Amino acid sequence: MLAPAIGYGASGEHQGFPGTVSIGTSVLQLLLVEYGRSACDWASRLVFVNGHGGNVAAVASAVTLLRKEGRDVAWCACSVPGADAHAGHTETSVLLHISPESVHTEEWVAGNEAPLSDLMPRLRNGGVAAVSSVGVLGNPTTASAEDGSRIFAEMVVDCTRRVVAWTPGARGLLQ
């Protein structure tokens, strides 16, 4: 079974840009815990699939608590090796593949292309706006639907492999 996506998350790092709505880590964690408790009343196993770095703390904490309560719950990160961080080549390519009408190619602009590890100290203190005036961490101008198809397929195959193997590691992350 596949449940509808939860449309809000912990996105405070984007708060410096108009249109951002974040429910924060603690509210997202509570939402996932209550969702998990309810779903596990009738589902024998539950996996949360996460595609946003800002949600990791909430997802990992929620899954850890649900597992301590005896529920068979885990989570999987939706990522690929070498991906840029936000609204760059990777995410834009995937959107061109799954929802091309959502991509405004006339507004493409490259952002900060430094490795995320180099940006993290400033990003933690000042959010995305502290490291990119346009909110982009990567370069969407190189994106393509063809790359998006390949990247999306890689994400699906990797997540499917992890779910089938069902080997939750630290904090419930599927290995």
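Here, the structure is the one placed above.
Residues numbered from 1 in each chain as written. Predicted model: local features only at pLDDT ≥ 70, side-chain atom pairs only at ≥ 80, totals over all residues. Heavy atoms only, no water.

**Q** What is the right way to read the pairing of strand β2 (residues 73–77) from this model?
**A** The two faces of a sheet get side chains in turn, since along a regular strand they alternate between them. For β2, a buried count of four out of five residues is recorded, marking the element as mostly surrounded by other parts of the structure. Pairing geometry for strand β1 (residues 46–50) and β2, over five bridges, is parallel. Of the residues in β2, the one forming a bridge with Asn-50 is Ala-77. (Buried < 20%, exposed > 50% of the residue type's maximum accessible area, 1.4 Å probe, protein only. Helix = DSSP H or I, 4+ residues; strand = E, 2+ residues; numbered from the N terminus. Pairing = 2+ DSSP bridges.)

**Q** Help me out: how do you make sense of the packing of helix α3 (residues 89–98) against helix α5 (residues 145–165) in this one?
**A** The angle between the axes and the distance between the axes are what describe a pair of packed helices. Where α3 meets α5, the closest approach of the two axes is 7 Å, and the angle between their N-to-C directions is 95°. Classified by the angle their axes make, α3 and α5 are roughly perpendicular. Only Ala-145, Asp-147, Gly-148, Ser-149, Ile-151, Phe-152 and Met-155 of α5 make contact with α3, whose side of the interface consists of His-89, Thr-90, Ser-93, Val-94, Leu-96, His-97 and Ile-98. Residue classes in the contact of α3 with α5 are distributed as seven nonpolar, six polar and one charged. (Axes fitted to C-alpha atoms, helices over the stretch in contact; angles between N-to-C directions. Parallel < 35°, antiparallel > 145°, perpendicular 65-115°, else oblique. Contact = heavy atoms within 4.5 Å. Nonpolar A, V, L, I, M, F, W, Y, C, P; charged D, E, K, R; others polar.)

**Q** I keep staring at helix α2 (residues 56–68) and nothing clicks. Help me out?
**A** Think of an α-helix as turning once every 3.6 residues; residues three or four places apart then point the same way. With 13 residues, α2 extends 18 Å from end C-alpha to end C-alpha; this agrees with the ideal 18 Å at 1.5 Å per step. Those residues of α2 that fall on the buried side of the exposure criterion are Ala-58, Val-59, Ala-60, Ala-62, Val-63 and Leu-66. For α2, the secondary structure elements touched by its buried residues are α1 (24–39), β1 and β2. (Expected span 1.5 Å × (residues − 1).)

**Q** In this structure, what is going on with the side chain of Asn-55? I would like to understand it.
**A** Checked against the element boundaries, Asn-55 lands in the loop between β1 and α2. Look at Asn-55 and you get buried, because its relative accessible area is 12%. Side chain to side chain, Asn-55 and Asn-50 meet in a polar contact 3.2 Å long. Once residues within four sequence positions are removed from consideration, Asn-55 is found in contact with Gly-9, Ala-10, Leu-28 and Asn-50. (Polar contact = N/O pair within 3.5 Å; in protein donor to acceptor, adjacent residues only side chain to side chain.)

**Q** Whenever I open this one, the nonpolar core confuses me. Can you help?
**A** Considering soluble globular proteins, one finds that nonpolar side chains tend to be buried as a cluster. Grouped together as the largest cluster of nonpolar side chains are 16 residues, with contacts concentrated most on Leu-32, Leu-46, Phe-48, Val-59, Val-63, Val-73 and Trp-75. At the level of elements, α1, β1, α2 and β2 are the ones that each hand at least two residues to this core. The residues contacting Val-73, other than those within four sequence positions of it, are Cys-40, Leu-46, Phe-48, Val-63, Leu-66, Arg-67 and Trp-166. (Core = buried A, V, L, I, M, F, W, Y, C linked by side-chain atoms within 4.5 Å.)

**Q** So what exactly am I meant to see when it comes to unusual backbone geometry here?
**A** Most peptide bonds adopt trans geometry, and most residues besides glycine take a negative phi value. Of note, the phi angle at Ala-87 is positive, near 60°, even though the residue is not glycine. In this fold, Ala-87 is placed in the loop between β2 and α3. A residue is classified by how much of its surface remains accessible, and Ala-87, at 23% relative accessible area, is partly exposed. Phi is positive for Trp-166, close to 40°, though the residue is something other than glycine. Its location among the elements puts Trp-166 in the segment after α5. For Trp-166, a relative accessible area of 12% gives the class buried.

**Q** Just to check I follow, could you spell out the pairing of β1 for this structure?
**A** Of the two faces of β1, only one is covered, namely that formed by Leu-46, Phe-48 and Asn-50; the face formed by Val-47 and Val-49 stays uncovered. With α2 bridging β1 and its parallel neighbour β2, the resulting β-α-β unit is right-handed. (Right-handed = clockwise from strand over helix to strand, strands pointing away.)

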